[in-house]
Amino acid sequence: MLELLAKEVEKVNATLPETTRVKKFVRSIMELDADDDELTRTRKVRRAFVGERYKHVIEAMYAGESSIPIDATIKYQDGKTSRIKTLLTIRNL
């Protein structure tokens, strides 16, 4: 899956000026969600909130890390919760 995403990002990068190209990315364990206050009801990203919530991921990317340990609690629409512990890989392009 990460390879497929990398190919698509490279296609988009080919159409962009050098200064605006994606250099690194990480595949998240879940989508951004309005119920978690990450999106507005009109599906716009709440950048300040997302930046603060995923600060450790962003800092790891800028620090040159190759992976990031994640320990997250996910809340489902029915009110149940689940805990996910995994390692996210940072992909350099």
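Everything below is about the structure shown above.
Residue indices begin from 1 for each chain and proceed along its sequence in written order. Local features in this predicted model are restricted to residues of pLDDT 70 or higher, and side-chain atom pairs are both shown and tallied only at a pLDDT of 80 or more, whereas totals for entire chains, interfaces and linings draw on every residue. Side-chain numbers come from the whole structure's heavy atoms, not from hydrogens or water.

**Student:** I keep staring at the pairing of strand 3 (residues 81-92) and nothing clicks. Help me out?
**Tutor:** Across a regular strand the side chains alternate sides, sitting on one face of the sheet and then on the other. For two strands to be treated as a pair, DSSP must find no fewer than two bridges joining them. A helix here means a DSSP run of H or I that spans at least four residues, while a strand means a run of E at least two residues long, and both kinds are numbered starting from the N terminus. Where strand 1 (residues 24-26) meets strand 3, three bridges bridge the pair, whose relative direction is antiparallel. In the sheet register, Val-26 faces strand 3, and the bridge partner there is Ile-90. The pairing of strand 2 (residues 67-75) with strand 3 spans nine bridges and is antiparallel. In the strand pairing of strand 3, Lys-75 is matched with Thr-81. What sits between strand 2 and strand 3 in their antiparallel hairpin is a turn of five residues, with Gly-79 showing a positive phi close to 95°.

**Student:** Just to check I follow, could you spell out helix 3 (residues 55-62) for this structure?
**Tutor:** Every α-helix carries 3.6 residues per turn, so stepping three or four residues along brings you back to the same face. Remark: exposure states derive from per-residue accessible area (1.4 Å probe, protein chains only) relative to the maximum for the residue type, with buried under 20%, exposed over 50%, and partly exposed in between. Along helix 3, the residues that are buried comprise Val-57, Ala-60 and Met-61. Down the axis of helix 3, the smallest arc covering the buried residues is 100°, so these residues share one side. Backbone geometry just after helix 3 places Gly-64 at a positive phi near 85°. Note that the arc is computed from the directions linking the helix axis to the C-beta atoms.

**Student:** Whenever I open this one, unusual backbone geometry confuses me. Can you help?
**Tutor:** Backbone phi values are negative for most residues with the exception of glycine, while trans is the configuration of most peptide bonds. The phi angle at Arg-43 is positive, at roughly 70°, despite the residue not being glycine. Along the chain, Arg-43 falls in the loop between strand 1 and helix 2 (47-53). You can call Arg-43 exposed: its relative accessible area is 54%.

**Student:** Would you mind going over the pattern of salt bridges with me for this structure?
**Tutor:** Oppositely charged side chains may form a pair once their charged atoms are brought near each other. The salt bridge definition used is simple: a Lys or Arg side-chain nitrogen within 4 Å of an Asp or Glu carboxyl oxygen. Here the structure, examined in full by the defined rule, presents six salt bridges. Notably, a salt bridge pairs Arg-21 with Glu-18, separated by 2.9 Å at the nearest N-O pair. You can call Arg-21 partly exposed: its relative accessible area is 30%. Asp-71 serves as the salt-bridge partner of Arg-83, at 2.4 Å between the closest nitrogen and oxygen. On the criterion of sequence distance, the pair formed by Arg-83 in strand 3 and Asp-71 in strand 2 is long-range, its members being twelve residues apart. With a relative accessible area of 56%, Arg-83 lands in the exposed category.

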